[in-house]
Amino acid sequence: MEMNSIVLFLLLCLPLSPVNLPRDPSGEICLNVEEKKLYDLIMDYRRSKKLKPIPFSSKLTQVAQAHVHDLTANFDYDSKNLCNPHSWSSKGSWTACCYTADHKYAKCMWDKPREIGGYTGDGFEIAYFSSAGATAADGLEGWKKSPGHNPLLVNTGMWSKVEWKAIGVGVYQQYAVVWFGEVLDQSEKRECP
(Lines give C-alpha, C1' and ligand atoms only; values in the text may rest on other atoms or scores of the structure.)
Protein backbone atom coordinates (compact mmCIF):
# COMPACT_ATOMS: atom_id res chain seq x y z
CA MET A 1 0.00 0.00 0.00
CA GLU A 2 2.83 2.42 0.87
CA MET A 3 4.53 1.79 -2.51
CA ASN A 4 1.29 2.64 -4.33
CA SER A 5 1.16 5.96 -2.46
CA ILE A 6 4.74 6.77 -3.44
CA VAL A 7 4.11 5.95 -7.11
CA LEU A 8 0.93 8.05 -7.11
CA PHE A 9 2.79 10.94 -5.46
CA LEU A 10 5.54 10.76 -8.09
CA LEU A 11 3.04 10.66 -10.93
CA LEU A 12 1.24 13.71 -9.60
CA CYS A 13 4.37 15.70 -8.81
CA LEU A 14 6.65 15.01 -11.77
CA PRO A 15 6.37 17.67 -14.44
CA LEU A 16 5.10 16.25 -17.71
CA SER A 17 5.27 19.22 -20.05
CA PRO A 18 6.75 21.61 -20.71
CA VAL A 19 10.18 20.82 -19.33
CA ASN A 20 11.54 23.65 -17.19
CA LEU A 21 15.27 23.82 -17.81
CA PRO A 22 17.77 25.42 -15.44
CA ARG A 23 18.30 29.09 -16.23
CA ASP A 24 20.42 31.77 -14.63
CA PRO A 25 18.83 35.12 -13.64
CA SER A 26 19.41 36.50 -17.15
CA GLY A 27 17.40 33.62 -18.66
CA GLU A 28 20.42 31.81 -20.13
CA ILE A 29 20.95 28.04 -19.91
CA CYS A 30 23.10 27.25 -16.88
CA LEU A 31 24.85 24.19 -15.45
CA ASN A 32 24.06 22.61 -12.10
CA VAL A 33 26.97 21.40 -9.95
CA GLU A 34 27.04 17.87 -11.42
CA GLU A 35 26.80 19.16 -15.00
CA LYS A 36 29.76 21.51 -14.51
CA LYS A 37 31.68 18.66 -12.90
CA LEU A 38 30.82 16.35 -15.80
CA TYR A 39 32.03 18.86 -18.39
CA ASP A 40 35.27 19.40 -16.44
CA LEU A 41 35.87 15.65 -15.95
CA ILE A 42 35.38 14.95 -19.65
CA MET A 43 37.85 17.70 -20.56
CA ASP A 44 40.36 16.31 -18.01
CA TYR A 45 39.93 12.84 -19.51
CA ARG A 46 40.49 14.17 -23.03
CA ARG A 47 43.61 16.07 -21.88
CA SER A 48 44.97 12.83 -20.39
CA LYS A 49 44.67 11.37 -23.89
CA LYS A 50 46.42 14.41 -25.44
CA LEU A 51 43.18 15.59 -27.05
CA LYS A 52 41.91 19.13 -27.37
CA PRO A 53 39.06 20.30 -25.14
CA ILE A 54 35.64 20.55 -26.75
CA PRO A 55 34.02 23.99 -26.63
CA PHE A 56 30.92 24.20 -24.42
CA SER A 57 27.61 24.60 -26.27
CA SER A 58 24.54 26.09 -24.60
CA LYS A 59 22.40 24.78 -27.49
CA LEU A 60 23.54 21.18 -27.01
CA THR A 61 23.23 21.64 -23.23
CA GLN A 62 19.63 22.73 -23.73
CA VAL A 63 19.01 19.45 -25.60
CA ALA A 64 20.87 17.43 -22.95
CA GLN A 65 18.93 19.02 -20.09
CA ALA A 66 15.62 18.56 -21.88
CA HIS A 67 16.45 14.91 -22.44
CA VAL A 68 17.42 14.05 -18.86
CA HIS A 69 14.20 15.68 -17.64
CA ASP A 70 12.17 13.82 -20.27
CA LEU A 71 13.84 10.51 -19.41
CA THR A 72 13.26 11.02 -15.69
CA ALA A 73 9.59 11.87 -16.10
CA ASN A 74 8.63 9.60 -18.97
CA PHE A 75 11.05 6.77 -19.79
CA ASP A 76 10.42 3.25 -18.56
CA TYR A 77 12.71 0.39 -19.39
CA ASP A 78 10.45 -2.06 -21.17
CA SER A 79 10.83 -5.79 -20.60
CA LYS A 80 11.44 -6.39 -24.32
CA ASN A 81 14.11 -3.67 -24.42
CA LEU A 82 12.66 -2.18 -27.60
CA CYS A 83 13.21 1.50 -26.81
CA ASN A 84 16.52 2.54 -25.27
CA PRO A 85 17.35 5.79 -23.43
CA HIS A 86 18.04 7.65 -26.69
CA SER A 87 14.25 7.63 -27.11
CA TRP A 88 12.06 10.71 -26.61
CA SER A 89 8.53 10.80 -25.21
CA SER A 90 5.52 12.52 -26.77
CA LYS A 91 5.26 14.79 -23.72
CA GLY A 92 7.31 17.75 -24.90
CA SER A 93 7.74 20.19 -27.74
CA TRP A 94 9.74 17.72 -29.84
CA THR A 95 9.11 14.76 -32.12
CA ALA A 96 8.67 11.54 -30.14
CA CYS A 97 10.60 8.43 -31.11
CA CYS A 98 11.53 4.97 -29.94
CA TYR A 99 15.27 4.57 -30.47
CA THR A 100 16.02 0.90 -31.10
CA ALA A 101 19.22 -1.11 -30.76
CA ASP A 102 19.47 -1.49 -34.55
CA HIS A 103 19.79 2.34 -34.87
CA LYS A 104 16.93 2.33 -37.39
CA TYR A 105 15.64 5.62 -35.95
CA ALA A 106 18.99 7.34 -35.39
CA LYS A 107 17.86 10.36 -37.40
CA CYS A 108 15.45 11.18 -34.58
CA MET A 109 18.43 11.58 -32.25
CA TRP A 110 20.64 13.35 -34.78
CA ASP A 111 17.90 15.95 -35.41
CA LYS A 112 17.10 16.80 -31.77
CA PRO A 113 19.70 19.62 -31.52
CA ARG A 114 18.09 21.41 -34.49
CA GLU A 115 14.60 20.69 -33.25
CA ILE A 116 15.09 21.75 -29.63
CA GLY A 117 18.12 24.02 -29.40
CA GLY A 118 18.47 25.64 -32.81
CA TYR A 119 21.86 23.98 -33.29
CA THR A 120 22.71 23.75 -36.99
CA GLY A 121 24.41 20.35 -37.06
CA ASP A 122 23.64 16.76 -36.12
CA GLY A 123 23.97 15.70 -32.50
CA PHE A 124 25.32 12.46 -31.09
CA GLU A 125 24.39 11.36 -27.58
CA ILE A 126 25.74 9.10 -24.87
CA ALA A 127 23.45 8.33 -21.94
CA TYR A 128 23.98 6.97 -18.42
CA PHE A 129 21.46 5.68 -15.86
CA SER A 130 21.87 4.86 -12.19
CA SER A 131 18.95 3.96 -9.96
CA ALA A 132 20.96 5.44 -7.07
CA GLY A 133 21.17 8.78 -8.89
CA ALA A 134 23.54 9.78 -11.66
CA THR A 135 26.76 11.58 -10.80
CA ALA A 136 29.36 13.08 -13.08
CA ALA A 137 32.10 10.75 -11.84
CA ASP A 138 30.02 7.57 -12.11
CA GLY A 139 28.71 8.53 -15.54
CA LEU A 140 32.18 9.17 -16.92
CA GLU A 141 33.56 5.94 -15.41
CA GLY A 142 30.69 3.98 -16.96
CA TRP A 143 31.25 5.53 -20.38
CA LYS A 144 35.03 5.00 -20.20
CA LYS A 145 34.42 1.25 -19.71
CA SER A 146 31.86 1.03 -22.51
CA PRO A 147 33.12 0.06 -25.99
CA GLY A 148 30.14 1.87 -27.50
CA HIS A 149 30.53 5.14 -25.57
CA ASN A 150 34.21 5.71 -24.86
CA PRO A 151 35.09 6.20 -28.56
CA LEU A 152 32.89 9.32 -28.69
CA LEU A 153 34.66 10.77 -25.66
CA VAL A 154 38.17 10.23 -27.06
CA ASN A 155 37.63 10.14 -30.83
CA THR A 156 38.64 6.55 -31.51
CA GLY A 157 37.21 3.86 -33.76
CA MET A 158 34.55 5.18 -36.12
CA TRP A 159 34.89 8.60 -34.44
CA SER A 160 38.66 8.93 -35.02
CA LYS A 161 38.34 11.36 -37.93
CA VAL A 162 35.66 13.48 -36.26
CA GLU A 163 36.56 16.75 -34.60
CA TRP A 164 34.03 17.65 -31.94
CA LYS A 165 33.44 21.39 -31.96
CA ALA A 166 30.61 21.50 -29.44
CA ILE A 167 29.49 19.59 -26.35
CA GLY A 168 26.46 19.84 -24.10
CA VAL A 169 25.77 18.07 -20.81
CA GLY A 170 22.75 17.25 -18.68
CA VAL A 171 22.53 15.54 -15.29
CA TYR A 172 19.23 15.15 -13.48
CA GLN A 173 18.19 12.56 -10.92
CA GLN A 174 19.03 9.09 -12.36
CA TYR A 175 20.24 10.24 -15.79
CA ALA A 176 23.29 11.89 -17.30
CA VAL A 177 23.68 12.56 -21.02
CA VAL A 178 26.31 14.20 -23.18
CA TRP A 179 25.69 15.58 -26.67
CA PHE A 180 28.48 16.03 -29.21
CA GLY A 181 28.43 18.07 -32.40
CA GLU A 182 30.73 18.97 -35.28
CA VAL A 183 29.47 22.56 -35.67
CA LEU A 184 30.95 25.27 -33.47
CA ASP A 185 28.53 26.85 -30.99
CA GLN A 186 30.95 28.29 -28.52
CA SER A 187 28.96 29.62 -25.60
CA GLU A 188 29.73 31.01 -22.21
CA LYS A 189 29.55 28.27 -19.60
CA ARG A 190 27.26 29.57 -16.84
CA GLU A 191 26.72 27.99 -13.45
CA CYS A 192 23.25 28.02 -11.97
CA PRO A 193 22.89 30.14 -8.84
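See the structure above.
Attention in this report is confined to the structure presented alongside it. (Residues numbered from 1 in each chain as written. Predicted model: local features only at pLDDT ≥ 70, side-chain atom pairs only at ≥ 80, totals over all residues. Heavy atoms only, no water.)

For D102, the position within the fold is in the loop between helix 3 (58–74) and helix 4 (106–117). Residues D102 and L82 lie 20 residues apart in sequence; the distance between their C-alpha atoms is 9.8 Å. Polar contacts involving the side chain of D102 include one to the side chain of T100, which spans 2.4 Å. A polar contact is formed between the side chain of D102 and the backbone nitrogen of K104, at a distance of 3.0 Å. (Helix = DSSP H or I, 4+ residues; strand = E, 2+ residues; numbered from the N terminus. Polar contact = N/O pair within 3.5 Å; in protein donor to acceptor, adjacent residues only side chain to side chain.)

If you walk across this open sheet you meet the three strands as 1-3-2, and the pairing is antiparallel. Strands at the two margins of the open sheet, each flanked by one partner only, are strand 1 (124–129) and strand 2 (166–172). Here the average twist between neighbouring strands, direction ignored, is 10°. Sheet topology places strand 1 next to strand 3 (residues 175–181); six bridges connect them, and they run antiparallel. Its bridge partner being in strand 3, E125 is matched across the sheet by W179. Running over the sheet, helix 2 (residues 33–48) touches strand 2 and strand 3 and is turned about 135° from strand 2. (Pairing = 2+ DSSP bridges. Axes fitted to C-alpha atoms, helices over the stretch in contact; angles between N-to-C directions. Contact = heavy atoms within 4.5 Å.)

When the charged atoms of two side chains with opposite charge come close together, those side chains can pair. Evaluated as defined, the whole model comprises 11 salt bridges. With a shortest N-O distance of 3.6 Å, K189 and D40 are connected by a salt bridge. Here D40 lies in helix 2 and K189 lies in the segment after strand 3, a separation of 149 residues in the sequence. The class of K189 is partly exposed, set by a relative accessible area of 32%. A salt bridge links K144 to E141; its shortest N-O distance comes to 3.2 Å. Here K144 and its partner E141 are both found in helix 5 (residues 136–145), three residues apart, which amounts to about one turn of the helix. Assessed through its relative accessible area of 30%, K144 is described here as partly exposed. Within the structure, one salt-bridge network assembled from shared partners comprises K107, D111, R114 and D122. (Salt bridge = Lys/Arg side-chain N within 4 Å of Asp/Glu carboxyl O. Buried < 20%, exposed > 50% of the residue type's maximum accessible area, 1.4 Å probe, protein only.)

Moving on, we come to the state of the cysteines. Scanning the entire structure with this criterion turns up three disulfides. Here C30 is linked by a disulfide to C192, with a sulfur-sulfur distance of 2.1 Å. Note on the C30 and C192 pair: the S-S dihedral is about 95°, so by sign convention the disulfide is right-handed. Taken as a pair, C30 in the loop between helix 1 (2–13) and helix 2 and C192 in the segment after strand 3 lie far apart in primary sequence, 162 residues in all. Overall, the relative accessible area of 1% leaves C30 in the buried class. You can call C192 partly exposed: its relative accessible area is 24%. Residue pairing for C97: its cysteine sulfur links by disulfide to C108, the two sulfurs lying 2.0 Å apart. (Disulfide = S-S within 2.5 Å.)

Going through the model one piece at a time under the given rule, you end up with nine aromatic pairs. Consider the rings of W88 and W94, whose centres lie 5.1 Å apart with planes at 70°: the pair is edge-to-face. For the pair W88 and W94, a shared accessibility class is recorded, and that class is buried. Connected via pairs of aromatic rings, a cluster forms that spans W110, F124, W159, W164 and F180. (Phe/Tyr/Trp six-rings, centres within 6.5 Å; stacked < 30°, edge-to-face > 60°.)

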